[in-house]
Amino acid sequence: MTTKQQRQRKPVNVWKWLFIGLVVILLAIGVYYVPKLTTTAEPQNAPQEKLIKRDPTFGISLKKQQVNAIVGYYLEHYLKNSKVKYQFSLGNQAVLKGKFKLLGYPVPFSLYLAPYVRSNGDVALKARRLAIGTLKVPIKVVMNYIGHTYKFPKWISLNSKDQTILVKLNQFKMKNGMQIKAKRIDLPHNDIDLNVYIPQVNQAN
């Protein structure tokens, strides 16, 4: 008979090791994805902005419902062959709606923006609030995802650092050559004023 008693083996805590394994996996996912989500999206070869320098041909005033109909029609055709869809509309604020992938799962979001008319007639949309269910996701992270994933026209640029979307109306031209600039946006009073520019025709002497 020995004077020292043999120590009993402690049973392996399976749940403890499963939990540790899960934490390791989540950390690995975070290390891989977070740099991608927090890298500022730079505009691709953005040309120097060309300004419309002539006087407007005439001005028009639109309601939010009219703008929403025009934007909805445009996006329906512009995103026809795109796998990633989104919506933009005007209410009490401007709202961009889409889906944001979190750990591989699509999560619906609504990004609320305040529109400002710049001195050159372009429109800046400043992000004010993000609704994404009960999740606490920074606006910058979602805007980075949008900038890398969503398809936008070349005359729209996104700056996730400043949390701003810039609509460069000076670079937008319709098929018939007509152009527009924003003059005033008053969403509470349902009033959007625009200046319209019809292409000049060279008349022979």
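Residues numbered from 1 in each chain as written. Predicted model: local features only at pLDDT ≥ 70, side-chain atom pairs only at ≥ 80, totals over all residues. Heavy atoms only, no water.

Another aspect to go through is the overall build of the protein chain. What the protein chain contains, in helices and strands, is three helices and nine strands. Sorting the 205 residues of the protein chain into buried and exposed places 34% on the buried side. Taking contacts inside the protein chain between residues at least 6 apart in sequence as the whole, the part at least 24 apart equals 50%. Surface summary for the protein chain: the accessible area is close to 15200 Å², and the carbon and sulfur share equals 57%. (Helix = DSSP H or I, 4+ residues; strand = E, 2+ residues; numbered from the N terminus. Buried < 20%, exposed > 50% of the residue type's maximum accessible area, 1.4 Å probe, protein only. Contact = heavy atoms within 4.5 Å. Areas by Shrake-Rupley, 256 points an atom, 1.4 Å probe, with all protein chains shown as cover.)

Spatial ordering of the open sheet is given by 2-3-4-5-7-6, a layout of six strands whose pairing is antiparallel. Each of the sheet's edge strands pairs with one partner strand only, and the pair in question is strand 2 (87–90) and strand 6 (156–159). Across the sheet, the axes of successive neighbouring strands diverge by a mean angle of 30°, strand direction being ignored. Pairing analysis gives four bridges linking strand 2 to strand 3 (residues 94–102), with the strands arranged antiparallel. When the sheet's bridge partners are listed, Ser89 is paired in strand 3 with Val95. (Pairing = 2+ DSSP bridges. Axes fitted to C-alpha atoms, helices over the stretch in contact; angles between N-to-C directions.)

In this section: the side chain of Ser110. Here Ser110 shows up in strand 4 (residues 105–117). Looking at Ser110, the relative accessible area reads 13%, which means it is buried. In this view, Ser110 contacts Val95, Leu96, Lys97, Arg129, Leu130 and Ala131; residues no more than four positions away in its chain are not counted.

On to the packing of aromatic side chains, then. We describe a pair of aromatic rings using the distance from one ring centre to the other and the angle between the two ring planes. The full count for this structure, using the stated rule, is eight aromatic pairs. Summarising the aromatic geometry, the rings of Phe109 and Tyr150 are spaced 6.5 Å apart at their centres and angled 35° between planes, so their arrangement reads as tilted. Of this pair, Phe109 sits in strand 4 while Tyr150 sits in the loop between helix 3 (139–149) and strand 6, placing them 41 residues apart in sequence. You can call Phe109 buried: its relative accessible area is 3%. Look at Tyr150 and you get buried, because its relative accessible area is 6%. Measuring from ring centre to ring centre gives 6.4 Å for Tyr150 and Phe152, while their planes differ by 40°; the resulting arrangement is tilted. Three or more aromatic residues joined by ring pairs make a cluster, and in this case those are Tyr74, Tyr78, Trp155 and Phe172. Above the face of the Tyr112 ring, Arg129 is positioned so that its terminal group lies 4.1 Å from the ring centre. Residue placement shows Lys151 over the ring face of Tyr78; its charged tip is 4.6 Å from the ring centre. (Phe/Tyr/Trp six-rings, centres within 6.5 Å; stacked < 30°, edge-to-face > 60°. Lys NZ or Arg CZ within 6 Å of the ring centre and 35° of its normal.)

Turning to unusual backbone geometry, a few remarks are in order. Even without a glycine there, the phi angle at Gln163 is positive, about 55°. On the basis of relative accessibility, which here comes to 24%, the residue Gln163 falls in the partly exposed class.

What follows is about the layout of surface pockets. In this structure, the largest pocket spans a volume of roughly 1000 Å³. At six residues, the largest contribution of residues to the lining of the largest pocket is made by helix 2 (residues 64–78). Its residues placed into classes, the lining of the largest pocket shows 32 nonpolar, no polar and two charged. (1 Å grid on protein atoms, 1.4 Å probe; cavity = no way out; pocket = protein on both sides within 12 Å on 5 of 7 lines; lining within 4 Å. Points joined across faces, edges and corners; volume = space filled by probe spheres on them. Nonpolar A, V, L, I, M, F, W, Y, C, P; charged D, E, K, R; others polar.)

A surface patch of nonpolar side chains, amounting to about 220 Å² of accessible area, comprises Phe58, Ile60 and Ile198. Summarising the element assignment, Ile198 is placed in the segment after strand 9 (191–197). On the basis of relative accessible area, Ile198 is assigned to the partly exposed category, the value being 35%. (Patch = residues over 30% accessible without salt bridge, like charges linked within 9 Å, V, L, I, M, F, W, Y side chains within 5 Å. Salt bridge = Lys/Arg side-chain N within 4 Å of Asp/Glu carboxyl O.)

Let us now look at the sheet that holds strand 8 (residues 179–186). A sheet is described by the order of its strands in space; here three strands give the open sequence 1-9-8, paired in antiparallel fashion. Either end of the sheet is taken by a strand with one partner, and the two such strands are strand 1 (58–62) and strand 8. Neighbour to neighbour, the strand axes of the sheet diverge by 25° on average, direction disregarded. Strands in contact with helix 2 are strand 1 and strand 9; relative to strand 1, the strand with the most contacts, it is inclined by about 100°.

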